[in-house]
Protein chains: 2
Amino acid sequence: MTAVDNSVEHRPTLAAVAARAGVSASTASLAFSGTGPVSDATRERVLQAARELNYAGPDPRARSLRRGRSGIVGVVLEERVRDAFRDPIKIATLDGISEELGSIDAGLLVLTEVAGEAEGDEKNPVTLSDAPIDGAVLMGCSPRFEESIATLRARGVPVVAIEGNPGDDDIVMILQDNREATRRGAEHLKALGHTRVAIVALSLDRDHRRALVTPERIAAGTSATTLERLAGARDVFPDAPAYTGAGSYVEEGRLAALELLSGEASDRPTAIIAQSDLLAAGVIRAAEELGIAVPEQLSVIGFDGVKVDGLWPYDLTTLVQPAAEKGRAAGRAVKAMLAGNDVASRLFTAEFHEGNTTAPVPVVE
Amino acid sequence: MTAVDNSVEHRPTLAAVAARAGVSASTASLAFSGTGPVSDATRERVLQAARELNYAGPDPRARSLRRGRSGIVGVVLEERVRDAFRDPIKIATLDGISEELGSIDAGLLVLTEVAGEAEGDEKNPVTLSDAPIDGAVLMGCSPRFEESIATLRARGVPVVAIEGNPGDDDIVMILQDNREATRRGAEHLKALGHTRVAIVALSLDRDHRRALVTPERIAAGTSATTLERLAGARDVFPDAPAYTGAGSYVEEGRLAALELLSGEASDRPTAIIAQSDLLAAGVIRAAEELGIAVPEQLSVIGFDGVKVDGLWPYDLTTLVQPAAEKGRAAGRAVKAMLAGNDVASRLFTAEFHEGNTTAPVPVVE
DNA sequence: CTGAAAGCGCTTACAG
DNA sequence: CTGAAAGCGCTTACAG
């Protein structure tokens, strides 16, 4: 393999370009930024000089210092990249943010709250506390949430939180009607005659345990999203047993469903409310394995409205949350805050989608 | 919802902190950076003053200008965020990059080559040509590849390309033995007695067509990865028909396999080589639908070695590529280049994994 | 261990 | 339309 030379050459500066073009630095600057009035002839002379010197344009570092803006918005993930990006909702949200932040969808600095052993590390000084960001979007609530906000606040960086714990702070939030939406889904099941309903839940906290949900676990739960959706389901089915998966994955849904569907046909649930579409897909897989027909013998309902790849021929009954729109709203909120405007929090509504995975409760003969 | 006040306050400066602590700016700077020797008493005085003034630390923008480094590395995607992140290999690679770039896995600026209508846009000046990045990793080859490299080169930004077209430029590359690895997989099938083998391929170009592969399409193909894997399969099975999916998704694999498996049992393929694990998962789904048992009646082999969520009980026979390691290598390469070292390109090897989706060719009775 | 000075490369009022 | 000047906030040799 060829070794490539990467000696750091001396980059030319705007001053050098200006000198060669025979104009002042101010004029050269104007020629590049397109601000202020410059005669075509002069601009051309400057650009020509730049070409000759192989000058690629103003140094963004200097520009940010002078302008007091870097043009970069941080996206703070609560887990490492690999985990965060397995969640299609997070990706859709990220996509929405980037879309709003510039049609070139650029300028997103990915940061994580996974600090810890960062100390003895090499010098990568880009952390929440010293990244050159103009604003930040916090994705999801987490134990470090408060800390992150405090850090950012102290730096004067505007913050928007997506699905944080409401009332955490007087911070701009992008929220979701998790409880109400789940309740709507549950009512759909009720209307179909279901009474034996079980819940496959997301993680209640950072432990990511696979286990039955108990009142103790609920009391200790830290994930607002999980708790809200759980409450919504139990608004309609107060006694529905719930089992948490170790994450929002098909395989976790499958494992949870295998637990919940293990009983006799006569007393196993006739419907399962999953807290995400991926979990719901796993529930369907488990049902297939056990020879339980969906939706004839088991109704399944999800949450998210993402197209689960490979789920065909099922069209999942679910609550479609406007993930990309939430991202765009977050992006817009950051922009507005940067413009110095007051910004209000927003509550989004998930829409019920009736697919082909729910049906009337089977008649017992 | 409450509106939050975000008036941009006047942030204190290091100079203000120094003044309050009764020391020079130099000393205050030292107190924060931990470089140079400062007496404990002095440092404490500085930090105290900072606390009193609510100073959160040196401004990263000024620091980058002075140091000539921003601490940020750009990751250039060839498509928009939402598409790039549906590929588990890209995510694993990204994770490897971020891991290497700092254990806090921070400092990754996501950029895309999707320019186009960026002109009339609001001022988000963060593009490939003016992002404050110290280095860049190009993820995947693309038509704009050359252009991106040129832009970055002109700026003096060190570039590492993952799976670009080799020989594109004298650029540092992280490559993969796509052809040889696929050939190894094909030879495994041959050893099992298979002769009627078909290929489900990734996209050949940006068209993302679902169609049979023809010599013309190969000649016009721009995706090195697809072409290399195709060549590897045909090294062993020169006449194997190939069908391209519109992307690396389970559903695309399913559709392609439905085409390829449509014939009579007596002349349909007994084995399918898929160019990604997601495609392979789709092939398995299609086989299930058609009542073709895997691996008894159809052997399926993938590429990537990602755990496809929800594929249980299948353990896919595949070529495991070291995606995270490739990312780490890219990260390390960028770091080395920033340190002024010469860096060589690297070629990675995918390892054959024999799962339970391949078996001897069925006996025809 | 501490301070005075220079300067990173640009942009932006301000004059003309 | 163009230029001279100041300064964004910091860090880094260099002296002491």
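Residues numbered from 1 in each chain as written. Chains lettered and ligands numbered in written order. Predicted model: local features only at pLDDT ≥ 70, side-chain atom pairs only at ≥ 80, totals over all residues. Heavy atoms only, no water.

Caption draft 1: Structural view of the sheet that holds strand β7 (residues 197-201) of chain B. Residue and element names in this part refer to chain B. Strand order in the open sheet formed by five strands is β8-β9-β7-β10-β11, and the pairing between neighbours is mixed. Two strands lie at the open edges of the sheet, namely β8 (211-212) and β11 (299-301), each paired on one side alone. Bridge count for β8 against strand β9 (residues 242-244) is two bridges, and the pairing is antiparallel. Counterpart to Leu212 in the pairing with β9 is Tyr243. Sheet strands touched by helix α10 (residues 224-236): β7, β9 and β10 (271-274). Its angle to β7, the strand with the most contacts, is close to 175°. Taken strand by strand, helix α12 (residues 277-290) contacts β7, β10 and β11, and its axis lies near 160° from that of β11. (Pairing = 2+ DSSP bridges. Helix = DSSP H or I, 4+ residues; strand = E, 2+ residues; numbered from the N terminus. Contact = heavy atoms within 4.5 Å. Axes fitted to C-alpha atoms, helices over the stretch in contact; angles between N-to-C directions.)

Caption draft 2: Expanded view of the protein's contact with DNA strand D. Near DNA strand D, the surroundings consist of 23 residues, among which A:Thr42, B:Leu14, B:Ser29, B:Tyr55 and B:Arg66 are the closest. In DNA strand D, atoms within 4 Å of the protein come 62% from sugar and phosphate. In this structure, a base nitrogen belonging to DNA strand D sits 3.5 Å away from a main-chain N or O atom of B:Ala62. At the level of elements, α2 (25-33) and α4 (60-67) of chain A together with α2 (25-33) and α4 (60-67) of chain B are the ones that each hand at least two residues to the surface near DNA strand D. Looking at the surface near DNA strand D residue by residue, the class counts come to 10 nonpolar, eight polar and five charged. (Near = heavy atom within 4 Å. Polar contact = N/O pair within 3.5 Å; in protein donor to acceptor, adjacent residues only side chain to side chain. Nonpolar A, V, L, I, M, F, W, Y, C, P; charged D, E, K, R; others polar.)

Caption draft 3: Structural view of the packing of helix α8 (residues 178-191) of chain B against α10(B). Residue and element names in this part refer to chain B. At a minimum axis distance of 7 Å, the contact between α8 and α10 shows a crossing angle of 35°. Crossing hand, α8 versus α10: right-handed. Residues Asn178, Arg179, Thr182, Arg183, Ala186, Glu187 and Lys190 of α8 form the contact with α10, whose own contacting residues are Thr225, Glu228, Arg229, Ala231, Gly232, Ala233, Asp235 and Val236. (Left-handed = near helix turned anticlockwise from the far one by under 90°.)

Caption draft 4: Representation of the nonpolar core in the model. A:Phe85 and B:Phe85 are the most contacted members of the largest nonpolar core, which has 52 residues in total. Those residues within four positions of A:Phe85 in sequence are excluded, and the remaining contacts are A:Leu77, A:Ile91, A:Leu94, B:Phe85, B:Ile91 and B:Leu94. Within the second largest apolar cluster, 38 residues are counted, among which are A:Leu109, A:Ala131, B:Leu109 and B:Leu111. (Core = buried A, V, L, I, M, F, W, Y, C linked by side-chain atoms within 4.5 Å. Buried < 20%, exposed > 50% of the residue type's maximum accessible area, 1.4 Å probe, protein only.)

Caption draft 5: Layout of the protein's contact with DNA strand C. In the neighbourhood of DNA strand C, 22 residues make up the surrounding shell, with A:Leu14, A:Ser29, A:Tyr55, A:Arg66 and B:Thr42 lying closest. For DNA strand C, the fraction of protein-proximal atoms (within 4 Å) that sit in sugar or phosphate groups is 62%. In the model, a phosphate oxygen of DNA strand C is placed 3.0 Å from a nitrogen or oxygen of the B:Thr27 side chain. In this structure, a phosphate oxygen belonging to DNA strand C sits 2.9 Å away from a main-chain N or O atom of B:Ser39. Elements supplying a minimum of two residues to the surface near DNA strand C: α2 and α4 of chain A together with α2 and α4 of chain B. A breakdown of the residues in the surface near DNA strand C according to their chemical character gives nine nonpolar, eight polar and five charged.

Caption draft 6: Representation of the UniProt feature "domain: HTH lacI-type" (unreviewed entry) in chain A within the structure. According to UniProt, the "domain: HTH lacI-type" (unreviewed entry) feature falls on residues 12-67 of chain A. Across residues 12-67 of chain A, helical content stands at 70% and strand content at 0%; the span's end C-alpha atoms are separated by 21 Å. (UniProt positions renumbered as here; feature names shortened; annotations may be inferred.)

Caption draft 7: Expanded view of the pattern of salt bridges. Here the structure, examined in full by the defined rule, presents 48 salt bridges over all chains. A salt bridge links A:Glu252 to A:Arg210; its shortest N-O distance comes to 2.6 Å. Highlighted residues: A:Glu252 in helix α11 (residues 250-260) and A:Arg210 in the loop between β7 (197-201) and β8 (211-212), separated in sequence by 42 residues. Here A:Arg210 falls in the partly exposed class, since its relative accessible area comes to 47%. In this structure, B:Lys326 engages B:Glu163 in a salt bridge whose closest nitrogen and oxygen atoms are separated by 2.8 Å. Highlighted residues: B:Lys326 in helix α13 (residues 323-338) and B:Glu163 in the loop between β5 (159-162) and β6 (172-176), separated in sequence by 163 residues. For the pair B:Lys326 and B:Glu163, one class covers both residues: buried. (Salt bridge = Lys/Arg side-chain N within 4 Å of Asp/Glu carboxyl O.)

Caption draft 8: Structural detail: unusual backbone geometry. Each neighbour pair has its own omega, and for B:Val294 with B:Pro295 the value is 5°, a cis peptide bond. As for its position among the elements, B:Pro295 is in the loop between α12 and β11. Each neighbour pair has its own omega, and for B:Trp312 with B:Pro313 the value is 5°, a cis peptide bond. With respect to the helices and strands, B:Pro313 occurs in the loop between β11 and β12 (318-320). At A:His208, a position not held by glycine, the phi torsion is positive, near 55°.

Caption draft 9: Focus on the sheet that holds strand β11 (residues 299-301) of chain A. Residue and element names in this part refer to chain A. Within the open sheet, the five strands sit side by side as β8-β9-β7-β10-β11. Their pairing is mixed. The sheet is open, and its two edges are formed by β8 and β11, each paired on a single side. Direction of pairing for β7 relative to strand β10 (residues 271-274): parallel, over a ladder of four bridges. Across the sheet, residue Ala198 finds its bridge partner in β10, namely Ile272. This element, helix α8 (residues 178-191), spans β7, β10 and β11 of the sheet and lies at about 170° to β10.

Caption draft 10: Quick peek at the packing of aromatic side chains. Per the stated rule, a full pass over the model turns up three aromatic pairs over all chains. Judged by centre distance (4.5 Å) and plane angle (25°), the ring pair of A:Phe85 and B:Phe85 falls under stacked. On the criterion of chain membership, the pair formed by A:Phe85 in the loop between α5 (81-84) and α6 (88-100) and B:Phe85 in the loop between α5 (81-84) and α6 (88-101) is interchain, its members lying in two chains. Relative accessible area serves as the criterion here: at 3%, A:Phe85 is assigned to the buried category. Summarising the aromatic geometry, the rings of B:Phe32 and B:Tyr55 are spaced 5.4 Å apart at their centres and angled 70° between planes, so their arrangement reads as edge-to-face. Separated by 23 residues along the polypeptide, B:Phe32 in helix α2 and B:Tyr55 in the loop between α3 (40-53) and α4 bring together distant segments of the chain. With a relative accessible area of 10%, B:Tyr55 lands in the buried category. (Phe/Tyr/Trp six-rings, centres within 6.5 Å; stacked < 30°, edge-to-face > 60°.)

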